[in-house]
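Reading the structure
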Amino acid sequence: MSQVITHNGVLVRINPQRSNRIEVSKDGGRIWMKRYEGMMFGDFIDLNDAGAEIIATTTRGVYASKDEGLSWRKRS
């Protein structure tokens, strides 16, 4: 399971303290910026870089994002 991935040169992670928050870093992990936070998709468990999109496994299913975690759509 991956809590931090690199997607298109940007680090994307599940926040270690708040598993309903996705953060991004464009400076190698020195500064993290909130990208998404909410309970609509449950808690994030795992992230995977699938080329054109990020695939996230959550407590409510599998979701995909094409904008570095800003918005998500149901995958399965």
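Now for a look at the structure at hand. Because the structure is predicted, anything quoted here is derived from the model rather than measured.

**Section: the sheet that holds strand β2 (residues 10-14)**
Overall, antiparallel pairing links the four strands, which are arranged β1-β2-β3-β4 in an open sheet. This sheet does not close on itself; its edge strands, each paired only once, are β1 (4-7) and β4 (33-37). When strand polarity is set aside, the average angle formed by the axes of neighbouring strands in this sheet is 25°. Taken together, the four bridges between strand β3 (residues 21-25) and β4 define a ladder with antiparallel strand orientation. Across the sheet, Ile-22 pairs through a bridge with Tyr-36, a residue of β4.

**Digging into the pairing of β2**
Among the five residues that make up β2, five are buried, leaving the element largely enclosed by the rest of the structure. Residue alternation in β2 divides its side chains into two sets, Val-10, Val-12 and Ile-14 and Leu-11 and Arg-13, and both sets are buried. Sheet topology note: the β1/β2 ladder contains four bridges and is antiparallel. Looking across to β2, one finds that Val-4 is bridged to Arg-13. Hairpin connection between β1 and β2: a loop of two residues separates the two successive antiparallel strands, and Asn-8 in this loop has a positive phi of roughly 50°. Here four bridges tie β2 to β3, and the two strands are oriented antiparallel to one another.

Basis of the calculations
Residues numbered from 1 in each chain as written. Predicted model: local features only at pLDDT ≥ 70, side-chain atom pairs only at ≥ 80, totals over all residues. Heavy atoms only, no water. Pairing = 2+ DSSP bridges. Helix = DSSP H or I, 4+ residues; strand = E, 2+ residues; numbered from the N terminus. Axes fitted to C-alpha atoms, helices over the stretch in contact; angles between N-to-C directions. Buried < 20%, exposed > 50% of the residue type's maximum accessible area, 1.4 Å probe, protein only.

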